[in-house]
Amino acid sequence: MTTTTHCPYCSLQCGMKLSGTRKLEVSEWAEFPVNKGAMCRKGWTSAELLHHRERLTTPLIKEPTGEFRPASWEEALDYVGERLNGLRAQHGPDSIGIFGGGGLTNEKAYQLGKFARVAVGTSQIDYNGRWCMSSAANAGSRAFGVDRGLPFPLADIAEADVLILVGSNLAETMPPAARHLVESREKGHHVVVIDPRRTATADKADTFLQPVPGTDLALAQSLLHLIVANGHVDEEYVASRTTGWEAVKNSVMSWWPERGERVTGIPASELKELADLVGTAEKVMILTARGPEQQAQGSDTVLAWINIALALGMQGKEHSGYGCLTGQGNGQGGREHGQKSDQLPGYRMIDDPAAREHVAGVWGIPAESIPGKGRSAYELLDALGQDNGPKALLVFGSNIIVSAPNANHVGERLDALELLVVADMVMSETAARADVILPITQWAEETGTMTNLEGRVILRQRAITPPAGVRSDLEIIEGLAERLKSPIAFSVEPEEIFAELGRASAGGKADYSGITYDLIREQKGVFWPAPAGVIGTDGHVGTERMFTESFATPSGRANFIAVEHRGAAEQPDAEYPVHLTTGRVLAQYQSGAQTRRIRDLTDDGAFVEMHPMLATRLGTADGELVRVETRRGEMVAPVRVVRTIRPDTVFVPFHWVGANKLTNDALDPASRMPEFKVCAARVSEAAKVNGQVVVA
Amino acid sequence: MKREKLVIVGNGMATTRLVEELVARRYEGDITILGDEDHPAYNRILLSAVLEGTHPIDALTLRQPDWYAAQGIDLRLGSRVLEIERELRDVMLVDGQKIVFDKLVLATGAIPTLPPIRGLIQLDGSLHPKVHAFRSLADTQRLLDAMEELSVESRPVRAVVVGGGLLGLQVARALSVRGVETEVVEGTEHLLSQQVDRKGGTVLKRHLKKLGTEVYTGARAIRLTDEGLKLDTGYTLDADLIVLTAGGRPSTALARGAGLTVRRGLVVGEHLQSVDDDNIFAIGDCAEFEGRVTGFVPPAWEQATLLAAHLSGEDVKYEGSRSVARLRATGLDVAVLGDPEHTEGDIVEVTNPIIGTHRKLVVDGNVIVAGTLIGDLSRIGLITQLFDRRTILSDTEPGELLMAERPDGDSSTLLPDEAEVCACAGVNAGRIRSCRTFEEAKEKTRATTGCGGCASVVRELIEAAHVPV
């Protein structure tokens, strides 16, 4: 039997076929439009984890000795329920925190948000998507009135005359997407990549700019300055479709190219060439990814690039405009249905009385019983075990200890909890610290929807029976809700939950009410917004391209928002003289809990990438161990000497414990995104004692 | 509590930054700005770009008047201050109006100096109609109007730029780009003599000559007559326009009149306060700190930011600025870091007059303390970063920074077997070579099935591996 489903990893959600009964074979699903059968090695090898020897198949409870002992599901859930009830009775519902993930299906994200607000009654829920594309989400909402990562299908990127990728290494992070770059160049279009590292993606570009980490905002300001100077602003579009241009125009006046050069490290001549290129092109597309977004000025940085798209009259025009390349598998859907501390399903805001009424009606509870806004992801972790903070944390779909910034501190906070419960399929670094581990099903063993980076809702279908002893997140939520004496029952049937999600989202920004599983199968995905009963112009349900007529703001116009470059929160100084930036490598995904366990994915561990000039300065060489230190932590890893990185910057991939001990927890004031992408570091030869490298 | 009255004299770029920073810090006080120009604050740096035609004149405004109103700032344009009365804590305008202050900021900038050329000033005291200064928006407009008028004549317009400094070269290039036949007169022995050495000046002169601009160095203009501009070398240059760019001096008349210590500029301490009066400050071109006046925007902005912090009660001290001067002129690539001709240190330099490059770094304690880059700015983004951040370099780095980057091209058919060809599927060249056809490679190794970027390399490898010998 063959089942069509989707790869368990990134936001591309490549379509794939799974066949076989005992051991699944992955094969191409050529008809699925996003990847047309193409996959990277992560996708091809994804089935291996299903039968992995490290797979957890029984709940585990930690003994006082620190050892785990197997427990029955009844025992484990009873234990967790009892502890949660006790804490709630003693300290109130906000003493229980919930941490979700951008890899959870829409149904799980929805149920988790509902579970928090109704079964537990806590406001303390957020998720790791906060560390993914929250800056772009915030900026998109402010500028366009709605946040859908790509407001157009991915394939459109090959049609733009000029495509600018700001801080995206899609050739490694989502390789099948890079087909569109190849196609774009074959068509004679121009691809621009902006990144402190000349990545595999940059190698596919016609123009490559290599800015100082943390200066993408200044770069955008200088670019817009030149666009204004060259007279390339689309005045008619600006007048008819936007508001706020004058303030933005004034704000870029002080970003003449030589000033931009000094801040960004990009020669003024290159800025001028780029400005000429985008100013004279018919269709310009600008895509941001984690590079510019994971900064303490990430949302303003995205706004600065959006301002360019608006000034050129590109947003809403065919094959043009701004978009965000979401990272996690369900990064998009995960932020729409209520696992974010400030949101309810359908991308409704939790402090909007009308939104509360609507959702409470669907849930069958009084609106006033829905708690208010909680803490954002990092702030939630920072508060764990503190006086006003949660005393228990339930973790679904996240490996916090690897993926959170300032990981030493986060580890201390986790240790300060009275109860840590982790639902995971393997013994992740975070699970290892838990009091209770609940083993869960994997992607091929369950059904549910995901929303990919284009806002296309797709269906993950069960292809194989899960091993005995594991349960789905939905079953865990149901079991705990019952033990917490939830006033309402929780379904475990994905399709039933999806229908409810549709009703809850109806009338919201991300309206799923017209979508059904059958429709997804039929249309090979449905783009939201898809209000019930509305058929799009092409005869399909859903909205493939947004903003063609108007924006989702009250006025129907896009908002120009003036921003100023503040710079990274931590600048290099005499003590910590180089920039540190972090990112991903092709063979691994996120915290690596899945991919590091797959034999065919190379796992050489972390490394420290640096330019030969810096290596010479430090007296080190390729392959030698170095210690990287920041004000927050340190790690030891071998050097990789490459000419492709800025000589004032080192790069460390974050899939292993280490990189995030170094990263800065400075938060973006609007999106609450931590500054993963830039901080100040010191690199030195790793000291050895008796021939052994000493690691703190 | 009584709100503090802050009066700022001058409405240039330093003032704009100061009030922006004060607003950002929610400064609690009443701000009054007295600007003598009628135009709202504009970006002076771009005046030469306006002259060149690469920037529209109507897009120079930094902040519209309604912005000031929205912030509750009293902006008074066309208000010239006559004197400061320190005892009375007020300033008097030329119309006799008095404005009291608790704190006073002087951001009066600089005024162009007139070189000692006879005939510049006519008998009635006005400037000779052919003569133009180049400092303000009004100067620029007047020069543009003059060019417009002259352009109706059938012969090309001719201009002489007096002064071969940064501004002079910018103006010369701008005029030249506009089709004006331009010549430059510089009194010292080489161009940019304040900033660069003789070698650099010579390279620049050759550049300008190639671009069609004649340069007379070691030549002083002494007299303007009907025949033209006479030089002390005996030449007479016929010209329709004479543009004076021969420097400026800090505008300090008000400070001097108020009895404050003035050397070249108003002498200020670590809070940018006058050494005589803690409630009077100076920023920008009119201020002198540790014996230096700056004359550039970035240091003026650093001073403005620091002063805003100080006025908002933050504990900050000014320690001087690192300046990078960039020539904004088409076809002339020049950057000057710090003060390379007057800074102690080891000099690392590469000069190639054949291609017109001269680059030098002044290095002290393995830190770049000054530098000159002429004709090749390919590494400027990195060099200025290292300079600004005072990065301690290795012994060889300054030299490497001045070398061309090594190209790293390769040919796929020469790839060793272990070299990775398809990153998406993790396939090396050897495995590709073991396949007979492209289809087989795709099927067996899954190469090309991800991003597809390696398809051409895979084809080349297979073809090369199966060429009949």
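Model, not experiment: these values are computed from the prediction.

About the cut-offs
Residues numbered from 1 in each chain as written. Chains lettered and ligands numbered in written order. Predicted model: local features only at pLDDT ≥ 70, side-chain atom pairs only at ≥ 80, totals over all residues. Heavy atoms only, no water. Helix = DSSP H or I, 4+ residues; strand = E, 2+ residues; numbered from the N terminus. Rg over C-alpha atoms; globule rule 2.2 N^0.38 Å. Buried < 20%, exposed > 50% of the residue type's maximum accessible area, 1.4 Å probe, protein only. Contact = heavy atoms within 4.5 Å. UniProt positions renumbered as here; feature names shortened; annotations may be inferred. Domains from an automatic or database assignment. Buried area = accessible area lost by both parts, 1.4 Å probe. Salt bridge = Lys/Arg side-chain N within 4 Å of Asp/Glu carboxyl O. Nonpolar A, V, L, I, M, F, W, Y, C, P; charged D, E, K, R; others polar. Patch = residues over 30% accessible without salt bridge, like charges linked within 9 Å, V, L, I, M, F, W, Y side chains within 5 Å. Areas by Shrake-Rupley, 256 points an atom, 1.4 Å probe, with all protein chains shown as cover. Lys, Arg positive; Asp, Glu negative; His and termini not counted. Charge placed at Lys NZ, Arg CZ, Asp CG, Glu CD. Polar contact = N/O pair within 3.5 Å; in protein donor to acceptor, adjacent residues only side chain to side chain. Axes fitted to C-alpha atoms, helices over the stretch in contact; angles between N-to-C directions. Parallel < 35°, antiparallel > 145°, perpendicular 65-115°, else oblique. Left-handed = near helix turned anticlockwise from the far one by under 90°. Phe/Tyr/Trp six-rings, centres within 6.5 Å; stacked < 30°, edge-to-face > 60°. Lys NZ or Arg CZ within 6 Å of the ring centre and 35° of its normal. Pairing = 2+ DSSP bridges. Disulfide = S-S within 2.5 Å. Core = buried A, V, L, I, M, F, W, Y, C linked by side-chain atoms within 4.5 Å.

## Topic: the overall build of chain A
Phase 1: The helix and strand inventory of chain A stands at 23 helices and 32 strands.
Phase 2: Relative to the 2.2 N^0.38 estimate, which gives 26 Å for 696 residues, the radius of gyration of chain A is 24 Å and therefore close to what a compact globule would have.
Phase 3: Reported as C-alpha extents along the three principal axes, the dimensions of chain A are approximately 75 × 70 × 50 Å.
Phase 4: Expressed as a percentage of the 696 residues in chain A, the buried residues total 68%.
Phase 5: Taking contacts inside chain A between residues at least 6 apart in sequence as the whole, the part at least 24 apart equals 73%.

## Digging into the UniProt feature "domain: FAD/NAD(P)-binding" (unreviewed entry) in chain B
Phase 1: Mapped onto the present numbering, the UniProt feature "domain: FAD/NAD(P)-binding" (unreviewed entry) falls on residues 5–303 of chain B.
Phase 2: Measuring from the first to the last C-alpha atom of residues 5–303 of chain B gives 20 Å, for a span that is 25% helix and 25% strand.

## Things to note about the domain arrangement of chain B
Residue and element names in this part refer to chain B.
Phase 1: Each assigned domain of chain B is listed here: domain 1 (4–111 + 249–311), domain 2 (131–246) and domain 3 (411–469).
Phase 2: Domain 1 and domain 2 are separated by 31 Å when their C-alpha centres are compared.
Phase 3: Between domain 1 and domain 2, the contact holds 16 residues from the first and 16 residues from the second.
Phase 4: The junction of domain 1 with domain 2 conceals about 1400 Å² of combined surface from both sides, 66% of it contributed by carbon and sulfur atoms.
Phase 5: Three residues stand out in domain 1 for area buried against domain 2, namely Leu-47, Leu-51 and Glu-52, and they jointly supply 44% of the buried area on that side.
Phase 6: For the pair domain 1 and domain 2, the number of links is one salt bridge.
Phase 7: For Asp-285, the salt bridge is made with Arg-135, and the minimal N-O distance between the two is 3.3 Å.
Phase 8: The residue inventory of the side of domain 1 that touches domain 2, partitioned by class, reads eight nonpolar, four polar and four charged.

## Considerations on a negative patch on the surface
Phase 1: A cluster of acidic residues, A:Glu28, A:Glu31, B:Glu439 and B:Glu443, forms a negative patch at the surface.
Phase 2: As for its position among the elements, B:Glu443 is in helix 12 (residues 438–445).
Phase 3: When its relative accessible area of 66% is taken as the criterion, B:Glu443 is described as exposed.

## Overview of the interface of chain B and chain A
Phase 1: Contact residues are listed per partner, giving 55 residues for chain B and 46 residues for chain A.
Phase 2: Of all residues in chain B, B:Arg389, B:Arg446 and B:Cys451 bury the most surface against chain A, accounting for 14% of the area lost on that side.
Phase 3: Inspection of the chain B/chain A interface yields five salt bridges.
Phase 4: A:Arg262 serves as the salt-bridge partner of B:Asp388, at 2.8 Å between the closest nitrogen and oxygen.
Phase 5: Those elements that place two or more of their residues in the side of chain B that touches chain A are helix 1 (13–24), helix 8 (297–311), strand 21 (324–326), helix 9 (380–388) and helix 10 (397–401) of chain B.
Phase 6: With six residues, helix 9 of chain B is the largest single contributor of residues to the side of chain B that touches chain A.
Phase 7: Residue composition of the side of chain B that touches chain A, by class: 22 nonpolar, 18 polar and 15 charged.

## Quick look at the domain arrangement of chain A
Residue and element names in this part refer to chain A.
Phase 1: Looking at the assigned domains, one finds that chain A contains domain 1 (78–131 + 329–443 + 470–508), domain 2 (150–324) and domain 3 (578–693).
Phase 2: Computed over C-alpha atoms only, the centres of domain 1 and domain 3 are separated by 31 Å.
Phase 3: At the junction of the two partners, domain 1 supplies 19 residues and domain 3 supplies 23 residues.
Phase 4: Around 1700 Å² of area is buried between domain 1 and domain 3 when both sides are counted, 55% of it from carbon and sulfur atoms.
Phase 5: When residues of domain 1 are sorted by the area they lose upon contact with domain 3, Val-402, Asn-406 and Asn-408 head the list and together hold 28% of the total.
Phase 6: Where domain 1 meets domain 3, there are two salt bridges.
Phase 7: Across the pair Glu-379 and Arg-672 runs a salt bridge whose closest N-O atoms are separated by 2.5 Å.
Phase 8: Scanning the region where domain 1 abuts domain 3 turns up 14 residue pairs in polar contact (both at pLDDT 80 or more).

## Considerations on the side chain of B:Gln170
Residues and elements named next belong to chain B.
Phase 1: Within the secondary structure layout, Gln-170 lies in helix 5 (residues 166–177).
Phase 2: Residue classification places Gln-170 among the buried residues on the basis of a relative accessible area of 9%.
Phase 3: Within polar-contact distance, the side chain of Gln-170 engages the side chain of Ser-48 at 3.0 Å.
Phase 4: Residues within four places of Gln-170 in sequence aside, it is in contact with Ser-48, Arg-326, Leu-327, Arg-328 and Ala-329.

## Concerning the packing of helix 2 (residues 73–91) of chain A against helix 19 (residues 473–483) of chain A
Residue and element names in this part refer to chain A.
Phase 1: At a minimum axis distance of 9 Å, the contact between helix 2 and helix 19 shows a crossing angle of 50 degrees. Taken together, the axis directions place helix 2 and helix 19 in an arrangement best described as oblique. Helix 19 is crossed by helix 2, and the crossing has right-handed handedness. When helix 2 is examined against helix 19, the residues Trp-73, Glu-74, Leu-77, Asp-78, Val-80, Gly-81 and Asn-85 are found in contact with a partner set consisting of Ile-476, Gly-479, Leu-480 and Arg-483.

## A word on unusual backbone geometry
Phase 1: A cis geometry characterises the amide bond from A:Trp528 onward to A:Pro529, with omega recorded as -5 degrees.
Phase 2: Take A:Pro529: it is sitting in the loop between strand 21 (526–527) and strand 22 (558–559).
Phase 3: Positive phi values are uncommon outside glycine, yet B:Arg390 reaches one of about 55 degrees.
Phase 4: Structurally, B:Arg390 can be placed in the loop between helix 9 and helix 10.
Phase 5: If you check the backbone angles, B:Arg446 has positive phi at about 65 degrees while not being a glycine.
Phase 6: Since its relative accessible area comes to 28%, B:Arg446 is described here as partly exposed.

## Here's the deal with the pattern of salt bridges
Phase 1: Counted according to the given criterion, the structure contains 67 salt bridges over all chains.
Phase 2: Salt-bridge contacts for A:Glu258 lead to B:Arg328; the nearest nitrogen and oxygen are separated by 2.3 Å. Residue A:Glu258 is located in helix 10 (residues 257–264), and its partner B:Arg328 is located in the loop between strand 21 and strand 22 (334–337); the two belong to separate chains.
Phase 3: For B:Arg328, a relative accessible area of 14% gives the class buried.

## Notes on the packing of aromatic side chains
Residue and element names in this part refer to chain A.
Phase 1: This structure, assessed with the given rule, holds 18 aromatic pairs over all chains.
Phase 2: Plain terms: the ring middles of Tyr-110 and Trp-363 are 6.4 Å apart, the flat faces sit at 65 degrees to each other, and that makes the pair edge-to-face. Residue Tyr-110 is found in helix 3 (residues 106–120), and its partner Trp-363 is found in helix 15 (residues 353–363); the two are separated by 253 residues along the sequence.
Phase 3: Given a relative accessible area of 4%, Trp-363 falls into the buried group.
Phase 4: Centre to centre, the rings of Phe-144 and Phe-551 are 5.8 Å apart; their planes meet at 20 degrees, and the pair counts as stacked. Note that Phe-144 is positioned in helix 4 (residues 134–144) and Phe-551 in the loop between strand 21 and strand 22, a separation of 407 residues in sequence.
Phase 5: In textbook terms, an aromatic cluster arises when at least three aromatic residues are bridged by ring pairs, as seen for Phe-144, Tyr-322, Phe-547 and Phe-551.
Phase 6: Looking at Arg-259, its charged tip hangs above the ring of Trp-255, at a distance of 3.8 Å from the centre.

## A closer look at the UniProt feature "domain: 4Fe-4S Mo/W bis-MGD-type" (unreviewed entry) in chain A
Phase 1: Under the present numbering, the feature "domain: 4Fe-4S Mo/W bis-MGD-type" (unreviewed entry) in UniProt falls on residues 1–52 of chain A.
Phase 2: Structurally, residues 1–52 of chain A comprises 8% helix and 27% strand, and the distance from its first C-alpha atom to its last is 22 Å.

## A look at the sheet that holds strand 1 (residues 4–9) of chain B
All names here are of chain B.
Phase 1: Spatial ordering of the open sheet is given by 3-2-1-7-19, a layout of five strands whose pairing is parallel. Only two strands of the sheet have a single neighbouring strand rather than two, namely strand 3 (74–76) and strand 19 (280–282). Neighbour to neighbour, the strand axes of the sheet diverge by 15 degrees on average, direction disregarded.
Phase 2: For strand 1 and strand 2 (residues 29–34), the ladder comprises six bridges, and the chain directions are parallel. Note that in strand 2 the partner of Glu-4 across the bridge is Gly-29.
Phase 3: On the sheet, helix 8 packs against strand 1, strand 7 (103–106) and strand 19 and is oriented at approximately 160 degrees with respect to strand 19.

## Comments concerning the state of the cysteines
Phase 1: In this structure the tally under the stated criterion is zero disulfides over all chains.
Phase 2: Not part of a disulfide, A:Cys132 finds its nearest cysteine sulfur in A:Cys324, a span of 7.4 Å.

## Concerning the nonpolar core
Phase 1: Counting residues in hydrophobic clusters, the biggest one holds 286 residues, and the most contacted among them are A:Phe115, A:Ile164, A:Trp305 and B:Leu106.
Phase 2: Here this core gets nine residues from one element, more than from any other, and that element is helix 13 (residues 298–311) of chain A.
Phase 3: If near-sequence neighbours (up to four positions away) are discounted, B:Leu106 is found in contact with B:Val9, B:Ile84, B:Ala255, B:Leu266, B:Ile280, B:Phe281, B:Ala282, B:Ile283 and B:Cys286.

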